[in-house]
Amino acid sequence: MSAAYGYGIAMISFPQRLLEGYQAFTTQRLPTEQSRYRELSERGQSPEVMVIGCCDSRVSPEVIFDAGPGELFVVRNVANLVPVYQPDGGAHGVSAALEYAINVLRIKHIVVLGHAQCGGIRAFIDKIEPLSPGDFIGRWMAMFIKPGEVVEQRDRESMQDFTIRIEKAAIFRSLENLLTFPFVRPLVEAGTLNLHGAYFGVAEGSLFVLDQATKDFRSATGSRAG
Ligand SMILES: [Zn+2]
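Residues numbered from 1 in each chain as written. Predicted model: local features only at pLDDT ≥ 70, side-chain atom pairs only at ≥ 80, totals over all residues. Heavy atoms only, no water.

**Q** What is the right way to read the packing of aromatic side chains from this model?
**A** Remark: the centre distance and the inter-plane angle together describe each pair of aromatic rings, the angle taken between the planes. In the structure shown here, the tally under the stated rule is 8 aromatic pairs. Ring geometry for phenylalanine 25 and tyrosine 37: centres 6.0 Å apart, planes at 85 degrees, overall edge-to-face. Taking relative accessible area as the criterion, tyrosine 37 reaches 30% and is therefore assigned partly exposed. Taking 5.5 Å as the distance between ring centres and 65 degrees as the angle between the ring planes, the aromatic pair formed by tyrosine 85 and phenylalanine 181 counts as edge-to-face. Here phenylalanine 181 lies in the loop between helix 7 (159-178) and helix 8 (185-190) and tyrosine 85 lies in the loop between strand 2 (72-77) and helix 4 (93-103), a separation of 96 residues in the sequence. For tyrosine 85, a relative accessible area of 34% corresponds to the partly exposed category. (Phe/Tyr/Trp six-rings, centres within 6.5 Å; stacked < 30°, edge-to-face > 60°. Buried < 20%, exposed > 50% of the residue type's maximum accessible area, 1.4 Å probe, protein only. Helix = DSSP H or I, 4+ residues; strand = E, 2+ residues; numbered from the N terminus.)

Have a look at this one:
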């Protein structure tokens, strides 16, 4: 297959929606942000906020926080999970991103962004059968459980409430695990790095921010989360 032929195939099969989206980007957004892109290209990125979110297509941090280029350093994975610090020689994507964000970018805030109707959490709650022989989701979500811990629906707790509780627990677990990183904890204790939790309600587009003192999620616009 010639390069030209391959290129042609790629252009034919490249999603039309993305080509149209890029067209809109170049005609609408780029003209107003061209200078910012050039500046970011010359002096490099220096975002102050890192967001650890879910892969879910409905929960895009840049959209939710109306962020422009260079503003958010984003890691997304199934169920917005941060693993515990594990210097075992293995390849750890979230840890690599954290290492760069903290040691090179000197990020000031890390936001763990959870959300409603999370498929990863649902798979975990429903204890689904492996989707492939590797059972990657099962293994990934297993980090949620500490040795001896049991995650079950409580008496008189509706499935919806249980699900929301576990979606929020994923945020707490990630925040807890962040503190296991030796290059994170000292900065948090010194007050130069701040950890935050947030929860996005997909249907309403509502955002709830974790009040670390009370462990409650409060509406970013005022009222209190259920
Ligand atoms: Zn999710």
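**Q** Looking at this model, I keep getting lost on the state of the cysteines. Mind explaining?
**A** Covalent bonding between the sulfur atoms of two cysteines is what defines a disulfide. As enumerated under the stated definition, the model contains 0 disulfides in all. Left without a disulfide partner, cysteine 55 is nearest to the cysteine sulfur of cysteine 54, which lies 5.5 Å away. (Disulfide = S-S within 2.5 Å.)

**Q** What's the story with unusual backbone geometry in this structure? I'm lost.
**A** Apart from glycine, the bulk of residues carry a negative phi angle, and the bulk of peptide bonds sit in the trans form. Positive phi outside glycine occurs at alanine 79, with the angle close to 70 degrees. For alanine 79, the location among the structural elements is in the loop between strand 2 and helix 4. On the accessibility criterion, alanine 79 (0% relative accessible area) is buried. A positive phi angle, near 55 degrees, is found at arginine 106, a position not held by glycine. Position of arginine 106 among the secondary structure elements: in the loop between helix 4 and strand 3 (109-115). Residue classification places arginine 106 among the exposed residues on the basis of a relative accessible area of 58%.

**Q** Please clarify how helix 2 (residues 16-43) should be interpreted in this entry.
**A** Each full turn of the α-helix corresponds to 3.6 residues, which orients residues three or four apart in the same direction. The end-to-end C-alpha distance of helix 2, which contains 28 residues, comes to just 33 Å, noticeably less than the 40 Å that a straight helix rising 1.5 Å per residue would cover. Its maximal kink placed at leucine 30, helix 2 deviates by approximately 70 degrees, while the proline proline 31 follows within four residues. Of the residues making up helix 2, those classed as buried are Leu30, Glu33 and Leu40. Where helix 2 terminates, the next one or two residues include glycine 44, which has phi positive at roughly 85 degrees. (Expected span 1.5 Å × (residues − 1). Bend = angle between axes of the 7 residues up to and from the residue.)

**Q** Honestly, the environment of glycine 68 in this entry has me stumped. Any pointers?
**A** Here glycine 68 shows up in the loop between helix 3 (61-64) and strand 2. Look at glycine 68 and you get buried, because its relative accessible area is 15%. It is 9.7 Å that separates the C-alpha atoms of glycine 68 and tyrosine 37, two residues lying 31 residues apart in sequence. The residues touching glycine 68, leaving out its near neighbours within four places in the chain, are Arg29 and Glu33. (Contact = heavy atoms within 4.5 Å.)

**Q** Would you take a moment to explain the coordination of the zinc ion for this structure?
**A** Four donors placed tetrahedrally around a metal ideally meet at 109.5 degrees, and six donors placed octahedrally ideally meet at 90 or 180 degrees. Distances from the zinc ion to its protein donors, Cys54 (SG), His115 (NE2) and Cys118 (SG), fall at 2.0 to 2.3 Å. When the donors of the zinc ion are listed by position in the chain, the intervening gaps give C-x60-H-x2-C. Note on cysteine 118: relative accessible area 3%, which makes it buried. (Donors = N, O, S within 2.8 Å, 3.2 Å for Na, K, Ca; no water.)

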